[in-house]
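Remarks on the overall topology
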Amino acid sequence: MATIDINQVSKIYTGGVTAVRSVDINIADGEFIVLVGPSGCGKSTLLRMVAGLEVISQGAVRIGDRVVNDVDPADRDIAMVFQNYALYPHMTVYENLAYGLKNRGTPKAEIAERVAEAARMLQLEPYLERRPRALSGGQRQRVAMGRAIVRKPAAFLFDEPLSNLDAKLRVSMRGEIKRLQRRLGTTSIYVTHDQLEAMTLADRLVVLNGGQIEQIGAPLEVYHTPASTFVASFIGSPAMNLVKGDLHGDRLAIGPAMFELGGYAPASGPLTVGLRAEDLRIAREGEVSFALRVDYVEELGSQRLVHGTLGDQPLTAALPPETALGDAINLAIPPDRLHFFANETGKRIGNGLPAPTTPAAERLGAGRLVAHR
Amino acid sequence: MKRVQFSSPYLPYVFLAPQLAVIVIFFYWPSVQAIQSSFYLEDPFGFGSTFVGLSNYADAFASAEYGRIARFTVVFTGLVTFFSLSLGLLLAVKADAVIRGNAAYKTLLISVYTIAPPVAGLIGMMFFDQHIGPFVKIAAFFGWEMKVGLNYVDTAFAMVVVAVWKQIPYNFIFFLSGLQSVPVSVREAAAIDCRSGFRRFWTVVLPLLAPTAFFLLVINITYSLFDTFGIIDVMVKDKAANNPITLVYKVYMDGFRGNDIGGSSAQSVILMVVVFVLTILQFRFIERRVHYT
Ligand SMILES: Nc1ncnc2c1ncn2[C@@H]1O[C@H](COP(=O)(O)OP(=O)(O)OP(=O)(O)O)[C@@H](O)[C@H]1O
Ligand SMILES: [Mg+2]
């Protein structure tokens, strides 16, 4: 149990690749932090610097109140779960779990006790005498978890621990990891490129892009107020629609569609507008709306994803499964659900329209959507 | 593994035929001949042969000289196997630490070692050359007047050194690729679990290297028994009398110098049996303790 402070940390590989650039994260004791980002954005590199498997080029990593830059991985009081599990193939499950404790001179009786406890927590008791190659992927994954748990370290580090499992097992293991972490209260850093995994596990999300932090925040905060077009398109599924718009005063034009923002004018001129597919809905009778030309539909069961074009820009709407569809549909969106981003930097502009206090009636009034065509 | 479909069921046998022919002609046929002639006493001048039953074997076992050579062979094999394995491993571990993740460097290093053994053997012999051998000069500097080919102990020493020297590259290559195939993440997991690098090596890396080591053990014993023939031949320079030789060399001496084809055949059959038994023992008892991942 400890805090982890990552202070202005950079990684420059020999050959000049800067994989991580001036990253700052302060992790509270017991917090579950998820590093998320596309492949090659430096997630693993950052995690491995915390673990001590990679030299820290610049900056400092502090675990508890100790700077660990020059501390041996074995002395950092962390445990790591690897993507391919990295179990010792020549040892039984019991020996795998006990290895770290044995090397730390833990008394035999205590080792047995702790291994038994971990095995019970992870339902590994029937497999203790087996070698890893005689286990299924999910069981191996649990052994890898167990190896981390028995040590009772100050922090858990996970590098995409679930990405080798099938979809169903991934969901259940995800729950199990969350449950264990809650129960043990161990500070954790978890790396994934799966935004759903990130959303469900994290106390706080760290979205990385090209070695730099794009945004840190609670999952819902990141979802509702993405700091940039990058975050907007990365977090949430389907990805947020990003379309070109034009703002004149409080009037927003997206292709042929016009929106009135009721006095809200965060910028002026061309900008990027973000619309979440799930915020779009079929316009009610008499409501201001815009027309979406339907290209094709993806049925997900719980909803249908309607892909179409607004003017000449692609747009996706997530609609209830029973929605009737034609060649074109009339859609509406509450104006407080619109996101604005600067065209050049991709950074967010303003915090969006304040959400109305009493929904329905006021929402309709607050931003009047004007169909233009 | 990829399954290949042949258009004719006989085609695979056609492909196998050359290999099978080589094995039969150069391995089974001479073996059968050796077994057969070990029961006969051949006339030294080639005028026929007489069936003598097991007396060739009895002669070999009764001979004090044969016993002495057998004991030397055991010691020689033990020393050569031990030193060439441990030095090969040591060098591989050191090289592995340097070239980890550097594929180009690895290929370069290995390619150098691949062409090395015959050359290394030659250089090794030159080390002990009576006139120009630097090893002999160094020994002389320390007051050890080396007489390779004349003095029993000196010759034995030189034979072991050159035999080890020649085999190290081979072991090095196998150990190095064995080390490189230990997954990086397993090493990293061990680095987090265990502070001492030496202990990590003993408890994680070495057990994972066991299949390689076992394979090399078999190869090295066979090498010490048979493939050192050339080295011995150069060192004893046909003056086998008071020089150390191994059983294989005695087979050659008796058969081709002494023209005792029957006795020589009996000895080679004994060797064949020894190797056969050794191989079975190795696979039975050692392989069981080896973890194939
Ligand atoms: N040993 C290395 N030498 C040079 N560059 C490296 C090295 N390891 C990683 N990189 C580079 O650093 C960047 C970040 O790599 P990293 O492994 O951290 O990505 P990641 O975010 O974990 O991606 P993924 O989701 O695919 O695992 C990549 O561009 C990669 O090419
Ligand atoms: Mg990675």
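The residue numbering used here restarts from 1 in each chain and proceeds along that chain's sequence as written. Lettering for chains starts from A, numbering for ligands starts from 1, and both go in the order in which the items are written. Only residues with pLDDT of at least 70 are given local features in this predicted model, and only at 80 or more are side-chain atom pairs given and counted; all residues enter the totals for whole chains, interfaces and linings. Calculated side-chain values reflect all of the structure's heavy atoms, with hydrogen atoms and water omitted.

1. Regarding helix H1 (residues 11-37) of chain B
Residues and elements named next belong to chain B. Cut-off, in case you're wondering: Secondary structure counts use DSSP, requiring at least four H or I residues in a row for a helix and at least two E residues in a row for a strand, with both numbered from the N terminus. A helix is expected to span 1.5 Å multiplied by its residue count minus one. Axes are fitted to the seven residues ending at a residue and to the seven starting at it; the angle between these axes is taken as the bend at that residue. Three labels apply to residues, based on accessible area from a 1.4 Å probe with only protein chains included: buried if under 20% of the type maximum, exposed if over 50%, partly exposed otherwise in between.
Compared with the 39 Å implied by 1.5 Å per residue over 27 residues, the 37 Å span of H1 between its first and last C-alpha is a close match. Taking the largest bend as the criterion, H1 deviates by roughly 45°, centred on Ala-17, and proline Pro-18 comes between one and four positions later. Every buried residue of H1 is listed here: Ser-31, Ala-34 and Ser-37.

2. Details of the nonpolar core
Residues and elements named next belong to chain A. For clarity, the threshold we go by: To form a nonpolar core, buried Ala, Val, Leu, Ile, Met, Phe, Trp, Tyr and Cys residues must be joined to one another through side-chain atoms within 4.5 Å. Note that domain bounds follow an automatic or database assignment of domains. Whether two residues touch is decided by their heavy atoms; if any such pair falls within 4.5 Å, the residues are in contact.
Among the nonpolar cores identified, the biggest contains 47 residues, and Val-34, Val-36, Tyr-190, Leu-205 and Ile-235 are the most heavily contacted of them. Top contributing element to this core by residue count: helix H4 (residues 137-150), with 6 residues. Residues from two domains meet in this core; each of domain 1 (4-224) and domain 2 (229-371) gives at least three. Ignoring any residue separated from it by four or fewer positions in sequence, one finds Val-34 in contact with Tyr-190, Thr-192, Ala-198, Leu-201, Ala-202, Arg-204, Leu-205 and Val-206.

3. Things to note about the pairing of strand E4 (residues 58-63) of chain A
Residue and element names in this part refer to chain A. Stated formally: The rule for pairing is simple: two strands pair if DSSP sees at least two bridges between them.
When strand E1 (residues 4-12) meets E4, the two strands line up antiparallel, connected through 5 bridges. Its bridge partner lying in E4, Ser-10 is registered against Gln-58. Across 2 bridges, E4 lies against strand E5 (residues 66-67) in antiparallel orientation. Bridge assignment links Arg-62 to a residue of E5, and that residue is Val-67. Taking the residues that link successive antiparallel strands as the turn, the E4-E5 hairpin has 2 residues, and the phi of Gly-64 there is positive, at about 65°.

4. Focus: the interface of chain A and chain B
As a reminder, the rule being used: By buried area we mean the combined loss of accessible area, with a 1.4 Å probe, across both parts when two parts are placed together. Should a side-chain nitrogen of Lys or Arg be within 4 Å of a carboxyl oxygen of Asp or Glu, the pair is scored as a salt bridge. Each residue is assigned to one class: nonpolar for Ala, Val, Leu, Ile, Met, Phe, Trp, Tyr, Cys and Pro, charged for Asp, Glu, Lys and Arg, and polar for all the others, Gly among them.
Taken residue by residue, the interface counts 25 residues in chain A and 19 residues in chain B. The junction of chain A with chain B conceals about 1900 Å² of combined surface from both sides, 56% of it contributed by carbon and sulfur atoms. Considering only the surface of chain A that becomes buried against chain B, Tyr88(A), His90(A) and Tyr99(A) emerge as the three largest contributors, covering 28% of it. Between the two partners, chain A and chain B, sit 3 salt bridges. The shortest N-O distance in the salt bridge between Arg48(A) and Glu188(B) comes to 2.7 Å. Looking at the side of chain A that touches chain B, the elements that each hand over two or more residues are strand E6 (78-81) and helix H2 (93-103) of chain A. When grouped by side-chain class, the residues that make up the side of chain A that touches chain B number 13 nonpolar, 4 polar and 8 charged.

5. Comments concerning the UniProt feature "transmembrane region" (unreviewed entry) in chain B
Residues and elements named next belong to chain B. Our working definition: UniProt positions are given in the numbering used here, feature names are shortened, and annotations may be inferred rather than shown by experiment.
The residues that UniProt annotates with the feature "transmembrane region" (unreviewed entry) are residues 12-29, 69-93, 105-128, 148-165, 201-226 and 266-286. Along residues 12-29 one finds 100% helix and 0% strand; the C-alpha atoms at either end are 23 Å apart. End C-alpha atoms of residues 148-165 are separated by 17 Å, and the span's content is 78% helix alongside 0% strand.

6. Observations regarding the sheet that holds E4(A)
All names here are of chain A. Note the threshold: Here an axis means a line fitted to C-alpha atoms, over the contact stretch when the element is a helix, while the angle between two N-to-C directions is reported on a 0 to 180 degree scale.
The antiparallel open sheet is built from 4 strands, whose spatial order is E2-E1-E4-E5. Lying at the two open borders of the sheet, with one neighbouring strand each, are strand E2 (18-27) and E5. With respect to the sheet, helix H1 (residues 43-51) is in contact with E1, E2 and E4, its orientation differing from that of E1 by roughly 120°.

7. Comments concerning the packing of helix H10 (residues 229-236) of chain B against helix H11 (residues 247-257) of chain B
Residues and elements named next belong to chain B. Worth spelling out the cut-off: The scheme is simple: roughly parallel for angles under 35 degrees, roughly antiparallel for over 145, roughly perpendicular for 65 to 115, oblique for anything else. For any helix crossing, the convention is left-handed if the near helix is rotated counterclockwise from the far helix by under a right angle, and right-handed if that rotation is clockwise.
As a packed pair, H10 and H11 sit with axes 9 Å apart at the nearest point and diverge in direction by 65°. Comparing their axes, H11 and H10 come out roughly perpendicular. At the point where H10 passes H11, the crossing takes the right-handed sense. Note on element contacts: H11 touches H10 through Val-248, Tyr-249 and Tyr-252, opposite Phe-229, Ile-232, Asp-233 and Val-236. Of the residues assigned to the contact of H10 with H11, the class counts are 6 nonpolar, no polar and 1 charged.

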